[in-house]
Amino acid sequence: MPLFDRLRAIPALQLDVALTALVLVVQLWPLLATRESLSWWGYAVVLAATIPLMWRRRAPVVTLVVTLGALALYDLSDRVAAQPVWYGALVAMYSVAAYSSWWPRVIALAVATVGGLAFTGSSDTAVRGVVLFVAAYAIGRAAAVSRSHAAALEERAAQLQRERRIEAERAAERERARIARDMHDILAHAVSLMVVQAEAGPVVVRSDPDRAEATFDAIAASGRDAMTQLRRLLGVLKEGEGQRAPQPTIADLPGLTDQVVSPGLAVNYVVTGTPVPLPGDVDVAAYRVTQEALTNIVKHSGATRADIRFDWRDDELMIHITDDGRGASRTLPRGGNGLIGIRERAAACHGTASAGPRSDGPGFEVVVRLPLGVAA
């Protein structure tokens, strides 16, 4: 630990007692070092001018007044040793400058300066005393400014720490909300596909065994994929951010469309334009809105065909998902959590989403616009 920090760790009263003892020894040294027979008066004045330093922080002006008043009586006796410098008075002036408010310290400096010039017999001694008092005052003010600056820095550091804690809590809340949305997407998609495919399995098991086998394989694949993704999310909750597995992205969409093997439903996936790298949040959002739209088609539409088109443009990615099912009864305000989740996913990436019946025929359409190169 640095020396300054060690000194700050010592209680103020102990420091003041040690400082008072040091000044007392230095101030008594001229009296103790001489071989002449001196009067007790010098010792008494030194004690009276030094002992008050123990209260210099709590009453700096009073300490200075008592110290100056005591040393003014030192020369009343002829049998005293010469004192080159009154260190107690300098410490008291420093304390006034460091711990007093504006008017008390200015008045104290003025009184000490005028008194030193008026009541000191030698001009050299008077000038030297005034210079020392002004220097002690300047050092005290520098210490006060430094202490105030350090306190401001500590307060700023504490404020930054509080802000970081609040931001961490907010980030944790956002992460929990993201995990909740992801769990909804995973479960809604997987369970919906499994239910539809399981219900359709017995229908085709006799008429089309190959199709039935593919249906049951798709059920197993959907279940395994859901379990894998749920383990990832639960691992995040249990182990923290460092254990997070990659989230699904646009590159995983072909596998997603292969899972939708519902009897009588054909999924067509088309890409136009030139794909470009996306920020992570936009990439995940594109996958999730497509997954949610496909889940809604399987659950509600009764469609025989679903078309997914990714239209890459200069500054945005347009996602069009259409079906030929029962579109008239499915609108965005009554669409449930699925369509609301699509809209929130798009809004989180500064994009937009709309959903409703198709204008070019029967069915339903979802249109999502995601800006390129914008991270939420």
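To be clear, the structure that these remarks concern was listed above.
Considering the sheet that holds strand β1 (residues 266–272)
Alright, step 1. Spatially, 5 strands are ordered β1-β2-β3-β5-β4 in an open sheet, and the strand pairing comes out mixed. Each edge of the open sheet is held by one strand with a lone partner, namely β1 and β4 (352–357). Taking each pair of neighbouring strands and ignoring which way they run, the sheet shows an average axis angle of 10°.
Alright, step 2. Pairing of β4 with strand β5 (residues 364–371) involves 6 bridges; the strand directions are antiparallel. For Ala355, the partnering residue across the bridge sits in β5 and is Val366.
Alright, step 3. Of the strands in this sheet, β1, β2 (305–312), β3 (316–323) and β5 are in contact with helix α10 (residues 280–301), which crosses β3 at around 10°.

Observations concerning the side chain of Thr322
Alright, step 1. Mapping Thr322 onto the fold places it in strand β3.
Alright, step 2. Leaving out residues up to four positions away in the same chain, Thr322 has contacts with Ile297, Arg305, Ala306, Asp307, Arg358, Phe364 and Glu365.

Notes on unusual backbone geometry
Alright, step 1. Phi at His350 is positive, roughly 65°, even though this residue is not glycine.
Alright, step 2. A relative accessible area of 48% places His350 in the partly exposed class.

Focus: the pattern of salt bridges
Alright, step 1. Counted according to the given criterion, the structure contains 8 salt bridges.
Alright, step 2. A salt bridge links Asp307 to Arg305, with the shortest nitrogen-to-oxygen separation between them at 2.9 Å.
Alright, step 3. Ionic pairing is found between Asp311 and Arg313, a salt bridge with its closest N-O pair at 3.1 Å.
Alright, step 4. According to the relative accessible area criterion, Asp311 is buried, its value standing at 15%.
Alright, step 5. With a relative accessible area of 39%, Arg313 lands in the partly exposed category.
Alright, step 6. Several salt bridges share partner residues, and in doing so they unite Asp311, Arg313, Glu316 and Arg369 into one network.

Side note on the nonpolar core
Alright, step 1. Among the nonpolar cores identified, the biggest contains 31 residues, and Ile250, Phe310, Leu317, Ile319, Val366, Val368 and Leu370 are the most heavily contacted of them.
Alright, step 2. Elements supplying a minimum of two residues to this core: α9 (253–259), α10, β2, β3, α11 (336–348) and β5.
Alright, step 3. For this core, the element with the highest residue contribution is α10, accounting for 9 residues.
Alright, step 4. Beyond its immediate chain neighbours, meaning those up to four positions away, Leu370 contacts Val282, Ala286, Glu316, Leu317, Ile319, Ala346 and Cys349.

What counts, and where the lines are drawn
Residues numbered from 1 in each chain as written. Predicted model: local features only at pLDDT ≥ 70, side-chain atom pairs only at ≥ 80, totals over all residues. Heavy atoms only, no water. Pairing = 2+ DSSP bridges. Helix = DSSP H or I, 4+ residues; strand = E, 2+ residues; numbered from the N terminus. Axes fitted to C-alpha atoms, helices over the stretch in contact; angles between N-to-C directions. Contact = heavy atoms within 4.5 Å. Buried < 20%, exposed > 50% of the residue type's maximum accessible area, 1.4 Å probe, protein only. Salt bridge = Lys/Arg side-chain N within 4 Å of Asp/Glu carboxyl O. Core = buried A, V, L, I, M, F, W, Y, C linked by side-chain atoms within 4.5 Å.

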